[in-house]
Amino acid sequence: MKVILFCQNAYAFGILAPIRDVLLEQGHDFIWYISGKLLDNFPFKNEDYTVSTLDLQLYNSDAIFVPGNEVPYYLRGLKVQVFHGLAGEKKGHFRIRHYFDLYLTQGPYFTHRFNKLKKIHQDFDVIETGWPKLDVYSSEKNKYDFEKKAILEMYNTDKIILYAPTFSPSLTSAPYLLQEIKNLAETTGYVILIKFHDLMEQKWISAYKALANKTPNVLFKEDKNIIKSLIQADILVSDTSSVIYEFILLNKPVISFKNIAAKVLWDNSHTYTGLTEKVLNNFNLDPHAVERAYINMQFHPYQDGKSALRMVNTVKNYIETRGVPEERKLSLARRLKINSMFGKPIKNPFDGEKTSKISAILITYNEDIHINAVLENVKFADEIIVVDSFSTDGTIQKIKEHPKVKLIQRPFVNYTDQKSFALEQATNDWILFLDADERVPDLLRNEILKTVNSSKSTADAYYFYRTFMFKNKVLRFSGWQSDKNYRLFKKSKAHFTQERIVHETLVVDGKSDVLKNKLIHYSFKNYEDYKGKMVKYGQMKAVEELKKDYDPNFYHFVFRPFYKFFNHYILRFGILDGKKGVIVCYLNALGVYSRYKELKRLRNLR
């Protein structure tokens, strides 16, 4: 069986890892799909993974496990929803989006609700298996007993309390419970573990760290393993965090503050007061033991740690009986939504013999935020070369995590010099030369592979049109709509002209053409970053013009920047880009002004 483990969000790793373990034990083949935002923090980089849905199309899977709400309809395989939590009262938990063939439910409460929906829609099946994320509580139940005993002895107490609030600014209890936590620690002497989500606002992280530094029995936990804290704790204090249900399933009491659940089956307070009294009451009387037993029975009655095994076996048996669906039939609106999220399906993806090899080349300096994504993006190339100008921001360390990438460090003189050197290092004739802030989408990747491996090649060099991204939104006008550059060419037919040192020019000894699909250009990270680029480019352009003995005057300082803005904002419709257009057109004009300001400075030094 060939399986896709489909991750749109980081919480999916802990849910799918137990399924991965079963797949390994049973000898099945699998690949992880991760969205691009997860790339830097993906914990299983020694295993097969991709950020490309084209790779998933080519993988030709039998089943897709999804702890999320969406999955591409066009991928082959049984589409299985495994859920990403136990909070059935949350909006959307029982919403049928028609993306899935099979729902694997956590317990009777969920199974009953989805079976009622099955009778209405009649286009999916429901089978109860348990939830794989909870398997770890069975296998690691006693793993931390020795450490817990040591902690209790160290602080001369008999209880551990875990405070794990949500991070959402409108729902978190963190701003209101600081003094209550302090009073609880001082009054009872119990050990209190503070475990915050990575997205918790920094000022509250700092405040609770300060409390921990001043209060010996308050421990701020910075490790990623919340499971360890959940197992060690005797009671949980929270608010609306979904971790509440996981803790209740360990059959231990919970205290929450202003929980938004419609039906709360644990101790919940509508005011941020009385924490110490509530903790002592729950330890002494355990008033919600009956409700907790109900939750365990209805939400997840499986204590054997074999939910992942049941899931894999269920899917395997289902496929043996029903076969493998080629794709999921959806309405036009839902197909368009999936296409916007994951890209359109690739018609006739290239999967033939590679008759021509490609060298992908990058020059870099301090590209920490881009480097992992771009190296992942060009993995389809046969050789990847990075020439780096001694980055200081972590770029080098990230490059070294990619063993198939050839890294060369070399001082930067100018763009033409650096790119010419990098080009000389390539061992293949076909060159894909990208900037670190550029990405090859699947459609363009497929077109590249078809082009270089065609027996009827139309050109020796190809321009790519580029889609300019303003942060994560498309800039449709402002002069960028016709932006194109050489990005794919034969080394034997091209070289960089030495007359240009910025916006380097490729000279092609042969025919040129344009590929149909666009490159994505993530040039605008933020205002200051883009301003820095424009000023830098302007200053480097000034060096070129100094050699031509240009003497800047009023025309260059006033008319040229004004015309640059007017041309891009009015004549090239930047006005239609709204505020984004104003910002980009202004900074482009600033780059022109910076060029002549630098040129004047250089002339005065002569």
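Each remark here, short or long, concerns the structure printed above.
In this report, we go over the structure that sits alongside the text.

Basis of the calculations
- Residues numbered from 1 in each chain as written.
- Predicted model: local features only at pLDDT ≥ 70, side-chain atom pairs only at ≥ 80, totals over all residues.
- Heavy atoms only, no water.
- Helix = DSSP H or I, 4+ residues; strand = E, 2+ residues; numbered from the N terminus.
- Buried < 20%, exposed > 50% of the residue type's maximum accessible area, 1.4 Å probe, protein only.
- Contact = heavy atoms within 4.5 Å.
- Arc of directions from axis to C-beta.
- Axes fitted to C-alpha atoms, helices over the stretch in contact; angles between N-to-C directions.
- Parallel < 35°, antiparallel > 145°, perpendicular 65-115°, else oblique.
- Pairing = 2+ DSSP bridges.
- Salt bridge = Lys/Arg side-chain N within 4 Å of Asp/Glu carboxyl O.
- Polar contact = N/O pair within 3.5 Å; in protein donor to acceptor, adjacent residues only side chain to side chain.
- Phe/Tyr/Trp six-rings, centres within 6.5 Å; stacked < 30°, edge-to-face > 60°.
- Lys NZ or Arg CZ within 6 Å of the ring centre and 35° of its normal.
- Nonpolar A, V, L, I, M, F, W, Y, C, P; charged D, E, K, R; others polar.

## Some remarks on the overall build of the chain
Argument step 1. Within the chain, the secondary structure is distributed over 20 helices and 25 strands.
Argument step 2. If one aligns the C-alpha atoms of the chain with their principal axes, the spans along those axes are about 90 × 60 × 45 Å.
Argument step 3. Across the 606 residues in the chain, those meeting the buried criterion constitute 54%.
Argument step 4. For the chain, restricting intrachain contacts to residue pairs at least 6 apart in sequence, the fraction spanning at least 24 positions comes to 69%.

## Examining helix α13 (residues 332-342)
Argument step 1. Every buried residue of α13 is accounted for by Ile338, Asn339 and Phe342. Around the axis of α13, the buried residues are gathered within 100 degrees of arc, so they sit on the same side. Exposed residues lying more than 90 degrees from the buried face of α13 are Leu332, Ala333, Leu336 and Ser340.
Argument step 2. Buried residues along α13 sit in contact with β1 (2-7), β2 (29-34) and α2 (53-59).
Argument step 3. Directly after α13, the chain includes Gly343, whose backbone phi takes a positive value near 95 degrees.

## Section: the packing of helix α3 (residues 108-121) against helix α11 (residues 289-299)
Argument step 1. As a packed pair, α3 and α11 sit with axes 5 Å apart at the nearest point and diverge in direction by 50 degrees. By the angle between their axes, α3 is oblique relative to α11. Residue-level contacts link Pro108, Tyr109 and Phe110 of α3 to Met297, Gln298 and Phe299 of α11.

## What about the sheet that holds strand β7 (residues 125-128)?
Hydrogen bonds between backbone atoms are what pair the strands of a sheet, whose relative direction is either parallel or antiparallel.
Argument step 1. In space, the 7 strands of this open sheet follow the order β3-β2-β1-β4-β5-β6-β7, with parallel pairing throughout. What marks the edges here is a single partner per strand, and that holds for β3 (49-50) and β7.
Argument step 2. Strand direction decides the pairing type here: β1 and β2, joined by 6 bridges, are parallel. Each bridged residue has a counterpart across the sheet, and for Ile4 the counterpart in β2 is Ile31.
Argument step 3. Against the sheet, helix α1 (residues 12-26) makes contact with β1, β2 and β4 (63-66), and its axis sits at roughly 165 degrees relative to β1, the strand it touches most.
Argument step 4. Across the face of the sheet, α3 comes into contact with β6 (102-105) and β7 while running at roughly 165 degrees to β7.

## Some thoughts on helix α17 (residues 442-452)
Argument step 1. Taken across its 11 residues, α17 has 9 buried, putting it largely inside the fold.
Argument step 2. Looking only at α17, the buried set comprises Asp442, Leu444, Arg445, Asn446, Glu447, Ile448, Leu449, Thr451 and Val452.
Argument step 3. In this structure, the buried residues of α17 make contact with α2, β14 (358-364), β17 (430-434), β19 (461-470), β21 (484-490) and β25 (519-524).

## Details of the pattern of salt bridges
Argument step 1. In the structure shown here, the tally under the stated rule is 34 salt bridges.
Argument step 2. Asp417 is the salt-bridge partner of Arg410, the closest N and O atoms lying 2.9 Å from each other.
Argument step 3. If you follow the salt bridges from partner to partner, you end up with Lys419, Asp435, Glu438, Arg466, Asp483 and Arg487 in one network.

## Looking at the sheet that holds strand β11 (residues 235-238)
Argument step 1. Spatially, β10-β9-β8-β11-β12-β13 is the arrangement adopted by the 6 strands of the open sheet, whose pairing is parallel. Since the sheet does not close on itself, it has two edges, and those belong to β10 (218-221) and β13 (267-269), each with one partner. Pairwise comparison of adjacent strand axes, ignoring direction, gives a mean angle of 20 degrees for this sheet.
Argument step 2. The pairing of strand β8 (residues 160-163) with strand β9 (residues 191-195) spans 4 bridges and is parallel. From the neighbouring strand, Leu162 faces β9, where its bridge partner is Leu193.
Argument step 3. Where helix α7 (residues 202-214) meets the sheet, its contacts fall on β8, β9 and β10, and the angle it forms with β10 comes to roughly 140 degrees.

## Structural notes on the environment of Lys491
Argument step 1. Here Lys491 shows up in the loop between β21 and β22 (494-496).
Argument step 2. Each C-alpha atom, one on Lys491 and one on Leu104, is 53 Å from the other, the two residues being 387 residues apart in sequence.
Argument step 3. Of the polar contacts made by the side chain of Lys491, one reaches the backbone oxygen of Leu423; its length is 3.5 Å.
Argument step 4. Polar side-chain contacts of Lys491 include one of 3.3 Å to the backbone oxygen of Glu424.

## So, unusual backbone geometry
Argument step 1. For Phe83, which is not a glycine, the phi torsion comes out positive at approximately 70 degrees.
Argument step 2. Within the chain, Asn156 stands out as a residue other than glycine whose phi angle is a positive 55 degrees.
Argument step 3. Here Asn156 shows up in the loop between α5 (145-154) and β8.

## Remarks on the environment of Leu250
Argument step 1. Relative to the elements of secondary structure, Leu250 occurs in the loop between α9 (243-248) and β12 (254-257).
Argument step 2. Accessibility expressed as a relative area gives 24% for Leu250, which makes it partly exposed.
Argument step 3. Separated by 42 residues in sequence, Leu250 and Arg292 have C-alpha atoms that sit 9.5 Å apart.

## What to know about the packing of aromatic side chains
Argument step 1. The tally for this structure, following the rule as stated, stands at 43 aromatic pairs.
Argument step 2. Here Phe412 and Tyr415 contribute two aromatic rings whose centre-to-centre distance is 5.0 Å and whose plane-to-plane angle is 75 degrees, an arrangement assigned as edge-to-face.
Argument step 3. Take Phe412: its relative accessible area is 32%, and that puts it in the partly exposed class.
Argument step 4. Grouped by ring-pair contacts, the aromatic residues Phe83, Phe94, Phe100, Tyr103, Tyr109, Phe110, Phe114, Phe124, Tyr245, Trp266 and Phe299 constitute a single cluster.
Argument step 5. The ring of Tyr59 has Lys2 sitting right over it, with the charged end atom 4.4 Å from the ring centre.
Argument step 6. One Lys or Arg, Arg334, reaches over the ring of Tyr99 and ends 5.7 Å from the middle of that ring.

## Points about the side chain of Arg466
Argument step 1. Its place among the elements puts Arg466 in strand β19.
Argument step 2. A distance of 2.6 Å separates the side chain of Arg466 from the side chain of Asp483, its partner in a polar contact.
Argument step 3. A polar atom in the side chain of Arg466 sits 3.2 Å from the side chain of Asn485.
Argument step 4. In this view, Arg466 contacts Asp435, Glu438, Trp480, Asp483, Asn485, Arg487, Lys518, Leu519 and His521; residues no more than four positions away in its chain are not counted.

## Comments concerning the packing of helix α6 (residues 178-188) against helix α10 (residues 275-285)
Two quantities define a packed helix pair, namely the angle between the axes and the distance from one axis to the other.
Argument step 1. Taken N-terminus to C-terminus, the directions of α6 and α10 make an angle of 50 degrees; their axes are 8 Å apart at the nearest point. Our classification of the angle between α6 and α10 gives oblique. Contacts from Glu180, Ile181, Asn183, Leu184, Thr187 and Thr188 in α6 reach Leu275, Thr276, Val279 and Leu280 in α10.
Argument step 2. Taken together, the residues of the contact of α6 with α10 break down into 5 nonpolar, 4 polar and 1 charged.

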